[in-house]
Amino acid sequence: MRSLAITSPVPPTSAAAARRQPRSSASGREVVSQCLKCEINKDRPLGGYLRIGQSQGSLLRHGSKNFIAQAAAAISVEQDEVSTYLPKGDMWSVHKFGGTCMGTPQRIQNVADIVLGDSSERKLIIVSAMSKVTDMMYSLVHKAQSRDDSYTMALDQIFEKHMASAKELLDGEDLARFLSQLHSDISNLRAMLRAIYIAGHATESFSEFVVGHGELWSAQILSYAIQKSGTACSWMDTREVLVVKPSGYNLVDPDYLESKKRLQKWFSRQPAEIIVATGFIASTAENIPTTLKRDGSDFSAAIIGSLVRARQVTIWTDVDGVFSADPRKVSEAVILSTLSYQEAWEMSYFGANVLHPRTIIPVMKDNIPIVIRNMFNLSAPGTVICKQPANEDGDLDACVKSFATIDNLALVNVEGTGMAGVPGTSSTIFSAVKDVGANVIMISQASSEHSICFAVPEKEVAAVSAALHVRFREALAAGRLSKVEIIHGCSILAAVGLRMASTPGVSAILFDALAKANINVRAIAQGCSEYNITVVLKQEDCVRALRAAHSRFFLSKTTLAVGIIGPGLIGATLIKQLGEQVAVLKENMNIDVRVVGITGSSTMLLSDSGVDLSRWKEDLQTESKPADLAIFVRHLSENHVFPNKVLVDCTADTNVASHYYDWLKKGIHVITPNKKANSGPLDRYLKLRTLQRASYTHYFYEATVGAGLPIISTLRGLLETGDNILRIEGIFSGTLSYIFNNFEGTRSFSDVVAEAKEAGYTEPDPRDDLSGTDVARKVIILARECGLRLELSDIPVKSLVPEPLTSCSSADEFMQKLPSFDQDWARQRHEAEAAGEVLRYVGVVDVLNKKGRVELQRYKKDHPFAQLSGSDNIIAFTTSRYKEQPLMVRGPGAGAEVTAGGVFCDILRLASYLGAPS
Ligand SMILES: NC(=O)c1ccc[n+]([C@@H]2O[C@H](COP(=O)([O-])OP(=O)(O)OC[C@H]3O[C@@H](n4cnc5c(N)ncnc54)[C@H](O)[C@@H]3O)[C@@H](O)[C@H]2O)c1
Ligand SMILES: N[C@@H](CCO)C(=O)O
Ligand code: NA
């Protein structure tokens with residue numbers, strides 16, 4: 001066992017010093033375990049260790065030098081119980097600052113401040129060239145070799161840029177030294193570019209030599225800027241230490257052994273606490289300058305991190321960390337606190353702005369964590385990429401870490417019976433693909449072997465197709481292959497997560513989310529590593545798919561884009577209720593409801609991100625367009641941002657209802673209190689319901705019967721659990737219930753009708769209620785729900801509209817003329833009263849006899865139907881299970897608040913079908 005003495009005290013926060021400080025109340029173990037939560041990698045000795053207690057049962061924790069010091073200082077335990085060990089040789093941390101971080105003198109100063117801000121450990125800083133400089137350098141070479149003499153001007157610009165930056169940051173000897181180096185470099189470059197100009201050609205090593213200068217200059221400027229504060233800092237020309245060898249087109253592999261030797265030699269010459277090293281550049285074994293090619297500076301940081309066995313490599317950039325999805329496409333994307341190497345690897349493949357896969361290899365082999373941090377937001381902790389993120393708790397939502405997409409792909413499908421059981425077909429296919437230099441992005445083959453499909457970039461597919469047709473000419477002619485088919489305009493959506501491996505149900509949830517967003521999946525691939533599920537879909541569906549999948553895995557809300565048709569009494573009340581509740585839904589239920597359009601019969605209001613629900617009435621006056629249902633629906637369906645769309649029809653319009661089928665077909669969910677579709681022509685109704693059952697697009701209409709009362713859902717529950725419905729009988733009209741409940745001899749019949757209209761119970765035209773048509777529609781809706789194939793005309797209805805008033809041209813005219821029939825009504829009421837009875841208007845679904853009817857009935861005063869008040873509906877279900885005593889649902893069955901509430905309920909039912917938490 002190594003010495004437990006404090007071999008390398010870190011004043012003033014060493015354990016010894018800590019013991020002299022006032023004690024905090026937390027126990028040592030608590031403090032340590034709290035500190036440990038912040039630690040990145042538990043199982044690896046980072047800087048040293050800390051021990052509490054001396055027996056075998058003592059708590060031993062490894063950690064960075066900083067952590068050990070802080071923990072020791074904070075601990076309040078018996079003096080002899082705590083001891084720390086820190087090895088003599090300090091650890092390095094590696095920091096890489098890219099071109100954006102080095103964009104201006106001010107930013108370079110910020111970088112210097114960040115480096116100087118933490119003096120706890122030795123630092124190796126890798127820098128890119130100042131932003132755009134590498135591109136400018138490439139363009140110099142390009143200009144010179146194409147004999148464009150403007151290269152001299154471009155070179156002057158580069159000189160100016162660096163001179164100006166240096167003058168802003170440095171002074172005195174440092175400035176003079178830098179400028180003299182810059183002058184000398186520029187004049188060498190000028191000579192070299194002149195040679196390239198004359199030759200009209202640049203060899204690769206010439207060009208690599210030229211382009212690497214940006215890093216040489218930025219590293220020197222930064223190291224002088226750091227030194228200016230009085231802290232010693234050296235700069236390293238990594239061409240002296242990093243040795244690489246070519247490993248393919250535009251690729252190099254580091255020679256770790258040789259590089260390590262050279263690095264040790266370098267250190268022995270220039271020991272320092274802070275070293276600024278050039279990113280991107282290296283040299284060959286023969287000492288010829290070269291570069292690490294694409295993403296070179298990240299790669300440099302990782303290689304150097306591995307060479308010095310750094311505690312950590314921090315990649316500083318301009319984002320807060322790695323997002324769960326492209327934040328431009330998913331505004332709810334979140335920053336991931338941790339990622340495993342494999343996950344980062346998968347994601348970077350998909351162009352997520354993480355790290356080039358190559359970058360991860362050097363640190364992965366030594367298990368060195370990489371941290372992505374925002375230099376412009378130091379308060380953000382960033383994303384830690386390491387071996388096994390420790391803060392996972394096994395939740396399903398942690399299985400999928402992120403989603404990525406690739407656009408502009410084509411799918412190639414090679415199909416035919418002649419493939420099955422014939423070895424070599426796939427080899428032939430892919431050798432043809434290789435010959436045309438195309439890159440295969442995913443491959444899928446079902447085990448029947450009758451077809452194999454793969455995705456390639458759209459721009460390469462023509463060549464692939466031609467090559468396959470040539471290669472398989474005979475097989476196609478002979479019919480062994482039936483086709484080589486190209487499907488254009490595809491995208492890939494990939495779910496990435498280490499913990500998907502061996503977690504059942506992840507793919508089910510993913511595909512369920514896609515199905516519910518009505519997205520067709522064209523091909524699927526998942527390797528048995530299970531880090532990635534790849535789905536090919538139509539490019540136009542891609543963002544929607546991304547959002548649907550992202551929200552389904554609780555990385556963001558279940559978003560619902562809502563279009564409201566008919567902001568009349570019910571529609572406006574619904575909008576008011578939504579407005580009051582959206583924030584709560586978002587916060588507590590993870591549901592993000594956005595009303596993206598409201599259309600009345602003359603004007604409509606459209607918004608891409610959501611109408612302001614507090615001022616929609618004003619906006620509908622001032623910001624609106626002429627109403628056009630087709631444009632309105634297109635606005636919703638062509639919104640690629642929201643995966644789930646719903647149209648809420650709050651009109652009583654037959655024409656609007658006739659569109660439901662098309663909307664569902666388009667994948668737009670439909671919710672309505674409008675009875676016209678379900679009580680319209682039977683064939684249309686059946687077509688609609690068949691489509692609804694066959695798709696994942698939902699159609700809810702609870703408020704069509706009994707407004708907000710659970711009538712449809714109760715009936716569904718009975719039917720779906722196998723009960724037999726024998727008879728449904730009830731008072732289905734809020735209006736007529738109100739009228740007969742209140743028509744007690746104190747007011748005239750016409751007065752009570754006017755009250756019902758005033759209270760918002762009636763249909764827009766009260767004759768629809770009095771004629772019994774509205775009740776007949778409800779009877780039909782329930783009858784059809786029970787499987788009866790009835791038309792509205794099959795229902796005998798006792799109309800309460802006096803014959804002479806049926807021809808009134810408007811609702812107003814009808815209301816004016818109604819009082820002349822009051823006497824007749826008074827007589828009917830009297831007769832019933834005399835017999836100890838009341839008048840009630842009822843609807844009956846006689847399931848046994850497959851019939852329905854609507855009638856004015858008299859009930860004894862003690863009958864449940866006689867006990868109602870207000871606009872109450874009462875519905876009695878007599879079923880096999882509820883035979884002696886029918887199941888009754890009773891309560892207000894009309895009115896703005898309860899009806900809108902019923903529609904709102906359907907919206908939330910939809911959200912929960914789409915995956916919102918229950
Ligand atoms: N009032 C209730 O208690 C109640 C209860 C259950 C169901 N319902 C149903 O709710 C629906 C709405 O009832 P309401 O009382 O709000 O009626 P309403 O007349 O107040 O509102 C209907 C609105 O739809 C608009 N409209 C009509 N045709 C349109 C079209 N083609 N495009 C766009 N807008 C159009 C109208 O201009 C009006 O603003 C009806 O189908 C009704 O049967 C109402
Ligand atoms: N007018 C209807 C509204 C509910 O559909 C009623 O009075 O019941
Ligand atoms: Na209802």
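Residues numbered from 1 in each chain as written. Chains lettered and ligands numbered in written order. Predicted model: local features only at pLDDT ≥ 70, side-chain atom pairs only at ≥ 80, totals over all residues. Heavy atoms only, no water.

As annotated in an unreviewed UniProt entry, the chain carries the name ACT domain-containing protein and comes from Brachypodium distachyon. Heading Cofactor (unreviewed entry) of the UniProt record for the chain holds this comment: "a metal cation". (UniProt positions renumbered as here; feature names shortened; annotations may be inferred.)

K.L.:
What am I meant to see in the site of ligand 2 here?
P.N.:
In the vicinity of ligand 2 lie 13 residues, with Lys 675, Gly 734, Thr 735, Tyr 761 and Glu 763 positioned nearest. The separation between a nitrogen atom of ligand 2 and a polar side-chain atom of Glu 763 is 2.7 Å. When ligand 2 is considered free in solution it has 260 Å² of accessible area, and contact with the protein chains removes 93% of it. Taken together, the elements giving at least two residues each to the shell around ligand 2 come down to α27 (734-742) and α30 (773-785). (Near = heavy atom within 4 Å. Polar contact = N/O pair within 3.5 Å; in protein donor to acceptor, adjacent residues only side chain to side chain. Areas by Shrake-Rupley, 256 points an atom, 1.4 Å probe, with all protein chains shown as cover. Helix = DSSP H or I, 4+ residues; strand = E, 2+ residues; numbered from the N terminus.)

K.L.:
Looking at this structure, how should I read α27?
P.N.:
Note that an α-helix has 3.6 residues per turn; residues three or four places apart therefore point the same way. Most of α27 sits out of view: 9 of its 9 residues are buried. Along α27, the residues classified as buried are Gly 734, Thr 735, Leu 736, Ser 737, Tyr 738, Ile 739, Phe 740, Asn 741 and Asn 742. For α27, the N-terminal cap is Ser 733; the gap from its side-chain oxygen to the backbone nitrogen of Thr 735 is 3.3 Å. (Buried < 20%, exposed > 50% of the residue type's maximum accessible area, 1.4 Å probe, protein only.)

K.L.:
Teacher, can you tell me more about the nonpolar core here?
P.N.:
Nonpolar side chains tend to gather and get buried jointly when the protein is soluble and globular. Within the largest apolar cluster, 70 residues are counted, with the highest numbers of intra-cluster contacts made by Trp 663, Ile 728, Phe 740, Leu 770, Leu 782 and Phe 877. Top element by residues in this core is α30. It accounts for 7 residues. Each of domain 4 (558-705 + 906-913) and domain 5 (715-892) accounts for three or more of the residues forming this core. Residues within four places of Leu 782 in sequence aside, it is in contact with Val 705, Ile 711, Ile 712, Leu 715, Ile 728, Phe 732 and Val 845. (Core = buried A, V, L, I, M, F, W, Y, C linked by side-chain atoms within 4.5 Å. Domains from an automatic or database assignment. Contact = heavy atoms within 4.5 Å.)

K.L.:
What am I meant to see in the site of ligand 1 here?
P.N.:
Lining the immediate surroundings of ligand 1 are 24 residues, of which Ile 570, Thr 651, Asp 653, Glu 763 and Gly 895 lie closest. Ile 570 is positioned with one of its backbone polar atoms (N or O) 2.7 Å from an oxygen atom of ligand 1. Thr 899 places a side-chain nitrogen or oxygen 3.3 Å from an oxygen atom of ligand 1. Bound to the protein, ligand 1 loses 81% of the 830 Å² it would expose on its own. In terms of residue class, the shell around ligand 1 is made up of 11 nonpolar, 10 polar and 3 charged. Lining the shell around ligand 1 are residues from two domains, each supplying at least three of them: domain 4 (558-705 + 906-913) and domain 5 (715-892). (Nonpolar A, V, L, I, M, F, W, Y, C, P; charged D, E, K, R; others polar.)

K.L.:
Honestly, the coordination of the sodium ion (ligand 3) in this entry has me stumped. Any pointers?
P.N.:
Each angle at a metal carrying four tetrahedral donors should ideally be 109.5 degrees, and each at a metal carrying six octahedral donors should ideally be 90 or 180 degrees. Protein coordination at the sodium ion (ligand 3): the donors are Glu 702 (O), Glu 702 (OE), Val 705 (O), Ala 707 (O) and Leu 709 (O), at 2.3 to 2.5 Å from the metal. Taken in chain order, the donor set of the sodium ion (ligand 3) reads E-x2-V-x1-A-x1-L. A single burial state applies to Glu 702 and to Val 705, both of which are buried. (Donors = N, O, S within 2.8 Å, 3.2 Å for Na, K, Ca; no water.)

K.L.:
What should I look at first to understand the packing of aromatic side chains in this one?
P.N.:
The relative placement of two aromatic rings is captured by the distance of their centres and the angle of their planes. According to the stated counting rule, one finds 15 aromatic pairs in the structure shown. Ring centres of Tyr 660 and Trp 663 lie 5.9 Å apart, and the angle between their planes is 40 degrees; on these two criteria the pair is classed as tilted. Placement of the pair is Tyr 660 and Trp 663 together in helix α23 (residues 660-665), with a separation of 3 residues, close to one helical turn. Here the two residues Tyr 660 and Trp 663 agree in accessibility, since each one is buried. An aromatic cluster is defined as three or more aromatic residues linked by ring pairs; in this entry it consists of Tyr 660, Trp 663, Tyr 699 and Tyr 701. Across the ring face of Tyr 661, the terminal group of Lys 687 is positioned such that the distance to the ring centre comes to 4.2 Å. (Phe/Tyr/Trp six-rings, centres within 6.5 Å; stacked < 30°, edge-to-face > 60°. Lys NZ or Arg CZ within 6 Å of the ring centre and 35° of its normal.)

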